[in-house]
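# A look at the structure
Chain by chain, the residues run as shown.
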Amino acid sequence: MSHLSASLAHSLPEFILAAGILVLVLLGALRGKESGGLVTEFAAGLLGAAIVVILLGGKTTAVVFDGAFIDDGFGRFMKVLTLAGSLVTLLMSQDFLAREKIDKFEFPILILLSTLGMLMLISAAGLIALYLGLELMSLALYVLAAFHRDNIRASEAGLKYFVLGALSSGMLLYGASLLYGFAGTVSFAGIAATINGKASLGAVFGLVFVMAGLSFKMSAVPFHMWTPDVYEGAPTPVTAFFATAVKMAAVAITLRVILTAFPGIASQWRQIVIFISLLSMVLGAFAAIGQTNIKRLMAYSAIGHIGFALVGLAAGGETGVSGVLAYMAIYLVMTLGTFAGILAMRVNGEGVENIADLAGLAKTDALMAFFLAMMMFSLAGIPPLAGFFAKWYVFNAAIQAGLYWLAVIGVLSSAVAAFYYLRIVKVMYFDEPAPAFDRPAPAPRAVLAVTGILVLFLFAYPGGFIEATNAAARSLF
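On a predicted model such as this, the values are computed, not experimentally measured, just so you know.

Each helix and strand in the protein chain was counted, giving 20 helices and four strands. Computed over its C-alpha atoms, the radius of gyration of the protein chain comes to 21 Å, within 12% of the 23 Å expected for a compact globule of 477 residues. Judged by the C-alpha coordinates and their principal axes, the protein chain covers about 65 × 60 × 40 Å. Counting every position in the protein chain, which comprises 477 residues, the buried fraction comes to 59%. In the protein chain, the share of contacts with a sequence separation of at least 24, taken over all contacts with a separation of at least 6, comes to 81%.

The contact between helix α13 (residues 294-315) and helix α14 (residues 317-343) brings their axes to 7 Å, and the two run at 170°. In terms of orientation, α13 and α14 fall into the roughly antiparallel class. Contacts between α13 and α14 involve Ile-294, Lys-295, Met-298, Ala-302, His-305, Ile-306, Phe-308, Ala-309, Gly-312, Leu-313 and Ala-315 from the former and Gly-317, Gly-320, Val-321, Val-324, Tyr-327, Met-328, Tyr-331, Met-334, Thr-335, Thr-338, Phe-339 and Ile-342 from the latter. Here the contact of α13 with α14 is built from residues that sort into 16 nonpolar, six polar and one charged.

Side chains of Leu-8, Leu-12, Phe-15 and Phe-65 sit close together on the surface and give an oily, nonpolar patch of about 320 Å² of accessible area. Within the fold, Leu-8 resides in helix α1 (residues 2-10).

A separate point is the confidence of the model for the protein chain. Looking at the protein chain as a whole, its pLDDT mean stands at 89, while 99% of the residues score no less than 70. Least confident of the elements in the protein chain is α1, whose mean pLDDT is 72; most confident is helix α5 (residues 106-122), at 94.

Moving on to the packing of aromatic side chains. For the coordinates displayed, the defined rule picks out 17 aromatic pairs. For the ring pair Tyr-161 and Phe-216, a centre distance of 5.9 Å and an interplane angle of 20° mean the geometry is stacked. Of this pair, Tyr-161 sits in helix α7 (residues 152-183) while Phe-216 is found in helix α9 (residues 201-218), placing the two residues 55 residues apart along the sequence. Accessibility classification places Tyr-161 together with Phe-216 in one group, the buried group. Their ring planes at 50° and their centres at 4.6 Å tell us that Tyr-420 and Tyr-421 sit as a pair that is tilted. Residue Tyr-420 is classed as buried on the basis of its relative accessible area, which comes to 1%. According to the relative accessible area criterion, Tyr-421 is buried, its value standing at 2%. Among the aromatic residues, those joined into a ring-pair cluster are Tyr-142, Tyr-161, Phe-162, Phe-216, Trp-226, Tyr-231 and Phe-242. Taking the ring centre of Phe-308 as reference, the NZ or CZ of Lys-391 above it sits at 4.6 Å.

Thresholds applied
- Residues numbered from 1 in each chain as written.
- Predicted model: local features only at pLDDT ≥ 70, side-chain atom pairs only at ≥ 80, totals over all residues.
- Heavy atoms only, no water.
- Helix = DSSP H or I, 4+ residues; strand = E, 2+ residues; numbered from the N terminus.
- Rg over C-alpha atoms; globule rule 2.2 N^0.38 Å.
- Buried < 20%, exposed > 50% of the residue type's maximum accessible area, 1.4 Å probe, protein only.
- Contact = heavy atoms within 4.5 Å.
- Axes fitted to C-alpha atoms, helices over the stretch in contact; angles between N-to-C directions.
- Parallel < 35°, antiparallel > 145°, perpendicular 65-115°, else oblique.
- Nonpolar A, V, L, I, M, F, W, Y, C, P; charged D, E, K, R; others polar.
- Patch = residues over 30% accessible without salt bridge, like charges linked within 9 Å, V, L, I, M, F, W, Y side chains within 5 Å.
- Areas by Shrake-Rupley, 256 points an atom, 1.4 Å probe, with all protein chains shown as cover.
- Salt bridge = Lys/Arg side-chain N within 4 Å of Asp/Glu carboxyl O.
- pLDDT = per-residue confidence, 0-100.
- Phe/Tyr/Trp six-rings, centres within 6.5 Å; stacked < 30°, edge-to-face > 60°.
- Lys NZ or Arg CZ within 6 Å of the ring centre and 35° of its normal.

In structure tokens:
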């Protein structure tokens, strides 16, 4: 009984979400269409409760459920980021869903199901747990991408994501089976003990296939092909969910797999990570320049930012991992703020997505223009905003690891990417005003203001934040 109670104590956030989902499905089935608002409020409460449980929970590391599930500082840090992304997305989505007449009770339940998969994924200590978490997350995401059933772009986005997602899952499963065949165990610790500095060709092939599957979820080049179309076609709150919570979980499990299952063959996986990071930074910088749709631009921006985050992983060690964690936390804040701005882009009740629609925003809504400009400056990495420090942490880790050329290419890519972020600021402040936006709903406006303040003032007190990332990084080793 004590073993079971220990397992439950270390997986309490997951149990809260799982039990809540069962209750909400029953509530939605019994009350039908009337239950939409109530289910959403309940779902937001569950996500908030899960965050509180993690923050107030134990600080120890434990492996439970027969070695399948690990509860450590790294996992708790990434879970808080993931849950925060899900919670803010859910709060921002309500006005959009109501206007589009798709405010069904299934939406918050799908967000919760996907988030539960993400939490399981982040704490996976073996290949089977990894695959179960990944599939639970992905199955809900396929439905969410096509949630606006009457919109042809959303249906197309859902279909593309489903087909390519199934392909990537197959690749990951093939890689996992190769690793099991050569290591004789599914646990990451067992794989690390077996492949300690003497990797066979089969094990390296397994690593490559697993990395391919995980790169798809992170939308890293060359497995990024779905990202622009799905970001543009999916309903905007769903795109925000893909860009924030999903990214946190994907990066977390990539770090865990590489650093706990393959520490003995760092020279092999480092080559793969450097290759993916390099291509992602360069493609993210150049492919976004010609974009006119702001959601599509944010897709290429996300690809570039994943490239920057992976610079820290390529550096390895506690400094590198701490850099990745700091980068992802700051990226989460910047992206939530930007999508809050995109959700506020409505003219006569209709959502608009073109960058040209932001023309002259400084004259029609000065406060929104200011905070959106802060997001753009921060995404571009301009000091003293949070985005500058995010890049500084990962480039500093790369330089400490001797990867000077990777840091140089990263800085050059960042300079190129600054062009399209600053172009949006120029459109808002110097172009002739386009039709004024409708007064936005309170939630997106509040999210934009709060994230704007965080981005502005992180440099004032970075100490506690960096201590948290360092402690989380230490627990992974």
